[in-house]
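Architecture and fold: a report
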Amino acid sequence: MEVLSEILMSLWLFLCGWQDFKEKKISIAILAAGSCLSVIFLVAGGISVTSRLLGLMTGLLLLLLSKLLKGQIGLGDGIVICITGLCLGFRDNLSLLVFSLTIAAFISLVLLLFKKAGKKDTLPFIPFIFLSYLGGLFLL
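For the structure given in this document, a descriptive report is provided here. (Residues numbered from 1 in each chain as written. Predicted model: local features only at pLDDT ≥ 70, side-chain atom pairs only at ≥ 80, totals over all residues. Heavy atoms only, no water.)

Here we come to the overall build of the protein. Counting its secondary structure elements, the protein contains six helices and zero strands. Its helices and strands taken in sequence order, the protein reads α-α-α-α-α-α from the N to the C terminus. Projecting the C-alpha coordinates of the protein onto the three principal axes gives extents of approximately 45 × 35 × 25 Å. Counting all 140 residues of the protein, 35% fall into the buried class. Put simply, the protein shows about 8700 Å² of open surface, and 74% of that area lies on carbon and sulfur atoms. (Helix = DSSP H or I, 4+ residues; strand = E, 2+ residues; numbered from the N terminus. Buried < 20%, exposed > 50% of the residue type's maximum accessible area, 1.4 Å probe, protein only. Areas by Shrake-Rupley, 256 points an atom, 1.4 Å probe, with all protein chains shown as cover.)

On to the nonpolar core. Membership of the largest hydrophobic core comes to 24 residues, with the highest contact counts inside it found for M9, W12, L13, V80 and I129. Listed by contribution, the elements that provide at least two residues to this core are α1 (2–23), α2 (28–44), α4 (75–88), α5 (90–113) and α6 (126–139). Aside from chain neighbours lying at most four places away, what touches L13 is V80, T84, I126, I129, F130 and Y133. (Core = buried A, V, L, I, M, F, W, Y, C linked by side-chain atoms within 4.5 Å. Contact = heavy atoms within 4.5 Å.)

Aromatic rings considered in pairs are described by the distance between their centres and by the relative angle of their planes. Throughout the structure, instances matching the rule amount to three aromatic pairs. Both rings, one in F14 and one in W18, keep their centres 6.3 Å apart while their planes meet at 25°; by these two values the pair is stacked. Of this pair, F14 and W18 both sit in helix α1, four residues apart, roughly one helical turn. A ring pair is formed by W18 and F21, whose centres lie 6.5 Å apart and whose planes are at 40°; its orientation type is tilted. Taken together, the residues span about one helical turn, with W18 and F21 both in helix α1 at a distance of three residues. (Phe/Tyr/Trp six-rings, centres within 6.5 Å; stacked < 30°, edge-to-face > 60°.)

Spelled out as structure tokens, the structure:
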């Protein structure tokens, strides 16, 4: 069951990341599919309810930051982190977020150095979440 849930999470994050990359937004249908995915993870077990709720709180904090920063962080990013929090629990979700931010910062720096992007340009964040999730599967 664990392998199936990891495959489904990978596919879902790929779809979210692809849509975020192409359109800089995520459809409600794909987000709803992620909510269904969290039910599969719940059935798979292994993570306490407390950890799942704290994982959800990580995403809720991102949503709050999105409001406070007037949309500089996308709502879709926060919702995806809410869903991954319910699926992965607090520790793994926080690691996912930190690694995603690290990769995004590195890529941003490279783009700035090579003048492929400016300070005002935005990058879709969910592809970095996808890459971090895959990295976590294969490296840990």
